Protein chains: 4
Amino acid sequence: MIIILKENQPKQKVEEFIKGFESQGFTVHRSQGVHTLLLGLVGDTTKLNIETIQANDLVAEVKRIQEPYKNANRKFHPEDTVIDIAGHKIGKGHFIMISGPCSVESEEQITLVAEKVKASGASMLRGGAFKPRTSPYSFQGLRAQGLEMLQAARGKTHMPIVTEIMNTSHIPLFEDVDIIQVGARNMQNFELLRELGHLRKPILLKRGLANTLEELLMSAEYIMAGGNENVILCERGIRTFETSTRNTLDISAVPMLKKLSHLPVVVDPSHAAGIAWMVEPLAMAAIAAGADGLMVEVHNDPKHALSDGAQSLTPEQFDMLMQKVKAATAFFGKTLN
Amino acid sequence: MIIILKENQPKQKVEEFIKGFESQGFTVHRSQGVHTLLLGLVGDTTKLNIETIQANDLVAEVKRIQEPYKNANRKFHPEDTVIDIAGHKIGKGHFIMISGPCSVESEEQITLVAEKVKASGASMLRGGAFKPRTSPYSFQGLRAQGLEMLQAARGKTHMPIVTEIMNTSHIPLFEDVDIIQVGARNMQNFELLRELGHLRKPILLKRGLANTLEELLMSAEYIMAGGNENVILCERGIRTFETSTRNTLDISAVPMLKKLSHLPVVVDPSHAAGIAWMVEPLAMAAIAAGADGLMVEVHNDPKHALSDGAQSLTPEQFDMLMQKVKAATAFFGKTLN
Amino acid sequence: MIIILKENQPKQKVEEFIKGFESQGFTVHRSQGVHTLLLGLVGDTTKLNIETIQANDLVAEVKRIQEPYKNANRKFHPEDTVIDIAGHKIGKGHFIMISGPCSVESEEQITLVAEKVKASGASMLRGGAFKPRTSPYSFQGLRAQGLEMLQAARGKTHMPIVTEIMNTSHIPLFEDVDIIQVGARNMQNFELLRELGHLRKPILLKRGLANTLEELLMSAEYIMAGGNENVILCERGIRTFETSTRNTLDISAVPMLKKLSHLPVVVDPSHAAGIAWMVEPLAMAAIAAGADGLMVEVHNDPKHALSDGAQSLTPEQFDMLMQKVKAATAFFGKTLN
Amino acid sequence: MIIILKENQPKQKVEEFIKGFESQGFTVHRSQGVHTLLLGLVGDTTKLNIETIQANDLVAEVKRIQEPYKNANRKFHPEDTVIDIAGHKIGKGHFIMISGPCSVESEEQITLVAEKVKASGASMLRGGAFKPRTSPYSFQGLRAQGLEMLQAARGKTHMPIVTEIMNTSHIPLFEDVDIIQVGARNMQNFELLRELGHLRKPILLKRGLANTLEELLMSAEYIMAGGNENVILCERGIRTFETSTRNTLDISAVPMLKKLSHLPVVVDPSHAAGIAWMVEPLAMAAIAAGADGLMVEVHNDPKHALSDGAQSLTPEQFDMLMQKVKAATAFFGKTLN
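Since the model is a prediction, treat every value here as computed from it, not as a measurement. Throughout, a residue's number is its position along its own chain's written sequence, starting from 1. The order in which chains are written sets their letters, starting at A; the order in which ligands are written sets their numbers, starting at 1. The predicted origin of the model limits local features to residues at a pLDDT of at least 70 and limits the giving and counting of side-chain atom pairs to 80 or more, whereas totals for whole chains, interfaces and linings rest on all residues. The basis for every side-chain value is the complete set of heavy atoms in the structure, and neither hydrogens nor water enter the calculation.

**Q** Sorry, what's going on with helix 4 (residues 144–157) of chain D here?
**A** Two residues of an α-helix separated by three or four positions point the same way, owing to the 3.6 residues in each turn. Residues and elements named next belong to chain D. The helix count covers DSSP runs of H or I at least four residues long, the strand count covers runs of E at least two residues long, and both are numbered beginning at the N terminus. One less than the number of residues in a helix, times 1.5 Å, gives the span that helix is expected to have. Helix length check: helix 4, at 14 residues, gives a terminal C-alpha distance of 20 Å against a target of 20 Å (1.5 Å per residue), a fit within 8%. For helix 4, the set of buried residues is Gly-146, Leu-147, Met-149, Leu-150, Ala-153, Arg-154 and Thr-157. All buried residues of helix 4 fall inside an arc of 160 degrees around its axis, so they share one side. Away from the buried face of helix 4 by more than 90 degrees, exposed residues Glu-148 and Lys-156 are located. A contact between two residues is defined here by any heavy atoms of the two lying within 4.5 Å. Looking at the buried positions of helix 4, the neighbouring elements they touch are helix 3 (107–120), strand 8 (124–126) and strand 9 (161–165). Only protein chains enter the accessibility calculation, which uses a 1.4 Å probe; a residue is then buried when its area is under 20% of its type maximum, exposed when over 50%, and partly exposed in between. The directions from the helix axis to the C-beta atoms form the arc being described.

Spelled out as structure tokens, the structure:
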């Protein structure tokens, strides 16, 4: 950690400030510039509160050198993490395709979509039971009943299921889900993250609309600090000034997250674009940029979908997409499973 | 609602599409342009799913004309809402000053700060017991114990208390709190909003870092739809590309929210700026722009604060701020109480 | 164009307002809703000033249905535009690779880089002579002399040259340049765009840091309205809240621009990322998303580059990149030339 | 300047790297951490190219400690700059009100508006002759003729005139203008800034839509480096994700710019809001936050304005605003002149 002091501070106060750190066991290097004194702190600075130091009148600026996350950090875990979900692997060359409707609408609907996407080559089934909706007057999902329908669809297709959790009190209901998804709006719902850290189930953690990659990794760290190392990161578009797409897919997030962390990275082109015809080019870009998986919305009848119809593919469109995904993953050296 | 159709669509499909709306009781006006057909839907369109309509192949674009919120909408409630918190009113010319430390650290600390800010003229005491922190390794608040300390400070100073809730399961602990705060990171924690709608306690709802004013009002609507009309909106800065301040205070939010809604609007200059010296000019700007209250962080010893020290005022600085707040609220026609 | 009137406006004023449009030759359709009257204007609305209409007291909102650009619009020009630059084609399956240093530093340097990148398979040579720099104290480019050095390098390698213009008064100097580049900071330098419209030389138009795709197409329209239809669009990253990359590459811009316009689209992964190691994954993503070309910075000695060293590839790194670009363009059905 | 080296770099290369700086006359302090070596460079680092240093393989990160601007920096010029424009002062407690129409439309119009705003108490007249418009098909201003009309209006009212320049070639036409405005879209038109540095006329420099305050100060530095110290900074709203206002007024820019620089700061609430009714609350906020002046659009007939009608006040509305501006500037200790 580097601490840059303000100019012309009283010598005695500076000495006391430095001694404060030394008494906590840090070694403090000084570098006197023309105008400013720099302090370099050596020791385990993760326990130091950066804000408290900044509040000191002597201090102009504080800069961390080490990333503030450990478990998620590739430096301390150079090998790619591989997560196995009922026989489907993700990470280190293993690629998964998660697909299904935005919302579970009925057992028939989810089973039908499951059968279709499985036939086209999808690895896992997604479907929302608890739905975060901007309006209290919109369809809120079938909730517990929706989870049962998902499980029924899994029973018939043997596809692992992925679905979103919105509250700690629902955790018992998710016991028989294969991957628990944390949605973008809950990326910094720290109470929820902490509880999910006590499970051993894979967590698909979506990046918040206005969260930096460092914040995403810190949220992964919340889960991992509890002992649950099965975290899959998901880029799904960020909020910018551009209005022609629903969100702006931050494609750089894929190589950057893989550089900073050993965790697998999935891309959701459906939410990023918000437009069905754009799913394919963004899916191709995600594979090319190094993603370990995709999450794509498919609905048997998008015109009558209860949510997100505009960005859902039909099973026929998904089948065409899968042909391209198969070819592209092979070209870029990934194994779809 | 206006629906803009794509060019050159098959006549029969268009007629079926229109009949679908008519059979739901809507009147559909047509306006044939050179290239496009516009449909104007007359009726209660709040029950219509805009995404489903957009998913129809015929449709180029859909545009709502009515705002999607009702209870929070000034159109249906032209008078300013006034909320009474233990004798302190907010709204319609009544102005409140909420202040206190970011985190409750001990009973002595919170009581000391409470006494100081009360002496300077603050209306209510803030203090965090449950703290949303980016890092799992940062101080997470004293939780239930912190709530008790706040109540003890209230006992000695008779100041109403404001504190943040992070999870539905904690609601019973907040029974004896005067205003429950929903933080920026939970603005779209819809499960939490829905439960708070079942209370009758005032809710201070902070705008999310990347949420539009319409989304803020929709989150207020979640609470109000449950029957709790005591919602106070709070602008606390949004995330932009600018880095010299912690966030960018969206000062236009004050007049815009007051135009769109009848709910009171509070500004938090401490979180917006993230720098203690900037609290005063932003506080003045907020009063000048029409805010109904301010929320300002004050700490007895910012250098040793467990969180947010850099943006906390000392009690002495707060006392100077209060002199200016008193003068400015009087100048702009507000009554501090 | 749709005009949404405010509620309960005086009938006579509304009739006068409508007659105003009818007297200009428009047909006006009315659609009376429960609260609001909608007007649908039929006719050539490009000559109408949307701001003037919005300023009318009767008007709640105005919405264009037609895009405000014509020459750049795919609707009026469904075929992909192909531009030929000294025998190298771009567009409709033809792919170009532009590369070279950020700044021309000497004749030896630019010739050396030109020979290296040509050997690896680059189509064209880039190099900045006039450099837009944030600081007046940074290296500002070799200016006219730099242009001569570029021409010398072209003389030896027969590679067409691409270089940036910053002011209308420099146009005569650019007579012997193959593609004139308009940088991000000048995307809305309308005086410059207008003058470039009078040339017949290809213009590479870079998207501004905070400009929407519609604004980019409007800037292309400025050039095309003057008669110069040889415009190449370039996505080079936009400014967002994310700080781990220099800019955020908006990969969706590629398919969206190609949907809205017939003009070729090039991606600049070097400026988008600002980091040399990230150029490759972003280049792959751009090809996968459908780009017609890439622009990549290469420097013989990045450590001693006078500008943008951190994002420049060495010739060796570029050679490895070209192997992948060759394979990927072939895989995605493009012809590198 | 601080240079943070990557972990475990070869000792000899590090020594050579350090010697490189020492040979340029810098003193280099070393601070060896557990993992990393920090270098603190002492000397005049403004001549160092930060990008070149970052490009070195040894380097993890480089951090400037000194601001990169000198002439605009309050550190080297602690006193507020006061600029005198034909007897009207701005800065150090002196406040100016600039107003007039977006565009000059005719001599009658500009003279009428000038007389009205002068009668209400405005200090200076604004009016656009050269207009930067997104569309090539929109009204582009009366250009040279418009400048003459402005001068005619000045002749009758004795108000100094402020108008925007868009190209270096127009500089001779602006000889008889009192303040030359550089618009947001040209804030980084460095060729233009450099030329304006050779004048001695006051320059009103507007912040770009997506430019940081540091970049704004660097653009001021371009002008000042040429010897023209008469720069007035203008905050006019930045581009964010919020859509209810045209731009987001960054009110924190006012106190921050005044902290970092000695130059006067003006706020343009008309462009920030884009809505006439919001001009007043934003104007009040700007005065409260410490602005040295305001720039407000006024049109004799906003409904028929050729540009920006939606945000223009009528002369009557402006008269009411001026009553409030007079009271508020007096309350906040400024002298309107």
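**Q** Whenever I open this one, the relation of the copies chain D and chain C confuses me. Can you help?
**A** Mapping between the two copies of the chain is achieved by a rotation about an axis and a shift along the axis. Our superposition of the copies is a least-squares fit, built on the C-alpha atoms of residues whose pLDDT is at least 70 in both. Each copy of the sequence occupies a distinct position, and chain D is placed on chain C by a rotation of 180 degrees and an axial shift of 0.0 Å, giving an RMSD of 0.0 Å. Taken together, the rotation angle and the small translation identify this as a two-fold axis. Within chain D, Ala-210 of chain D has its C-alpha nearest the rotation axis, a separation of 2.8 Å. A share of 100% of the interface residues of chain D reappears at the interface of chain C, consistent with the copies meeting face to face through the same patch.

**Q** Got a minute to help me understand the packing of helix 9 (residues 279–289) of chain A against helix 10 (residues 315–331) of chain A in this structure?
**A** All names here are of chain A. Running from amino to carboxyl end, helix 9 crosses helix 10 at an angle of 15 degrees, the nearest separation of the two axes being 10 Å. It follows from the interaxial angle that helix 9 and helix 10 lie roughly parallel. Of the two possible hands of crossing, helix 9 and helix 10 adopt the one that is right-handed. In contact with Val-279, Glu-280, Ala-283, Met-284 and Ile-287 of helix 9, helix 10 contributes Leu-321, Lys-324, Val-325, Ala-328 and Thr-329. All axes here are fitted lines through C-alpha atoms, helices being fitted over the stretch that makes contact, and every angle between N-to-C directions spans 0 to 180 degrees. Small angles under 35 degrees read as roughly parallel and large ones over 145 as roughly antiparallel, with 65 to 115 read as roughly perpendicular and the rest as oblique. Left-handed describes a crossing whose near helix is turned anticlockwise from the far helix by less than a right angle; the clockwise case is right-handed.

**Q** Help me out: how do you make sense of the interface of chain D and chain C in this one?
**A** The accessible area lost on association of the parts is a frequent measure of interface size. Taken together, the contacts link 49 residues of chain D with 49 residues of chain C. Interface of chain D and chain C: buried area, both sides summed, is about 4100 Å²; carbon and sulfur atoms make up 48% of it. Every case where a carboxyl oxygen of Asp or Glu lies within 4 Å of a side-chain nitrogen of Lys or Arg is listed as a salt bridge. Remark: the boundary between chain D and chain C carries four salt bridges. For Glu-191 of chain D, the salt bridge goes to Arg-143 of chain C, with nearest N and O atoms at 2.8 Å. In protein, a polar contact requires one atom able to donate a hydrogen and another able to accept it; more generally it is a pair of N or O atoms within 3.5 Å, and residues adjacent in sequence count only if both atoms are side-chain atoms. On inspection of chain D and its partner chain C, the count reaches 22 residue pairs in polar contact (both at pLDDT 80 or more). Elements represented by at least two residues in the side of chain D that touches chain C include exactly helix 2 (50–54), helix 5 (190–196) and helix 6 (213–225) of chain D. The element contributing the most residues to the side of chain D that touches chain C is helix 6 of chain D, with five residues. Its residues assigned to classes, the side of chain D that touches chain C shows 16 nonpolar, 20 polar and 13 charged. Put simply, buried area is the surface a 1.4 Å probe can reach on two separate parts but cannot reach once they are joined, added for both. Lys, Arg, Asp and Glu make up the charged group, whereas Ala, Val, Leu, Ile, Met, Phe, Trp, Tyr, Cys and Pro make up the nonpolar group; the residues left over, Gly among them, are polar.

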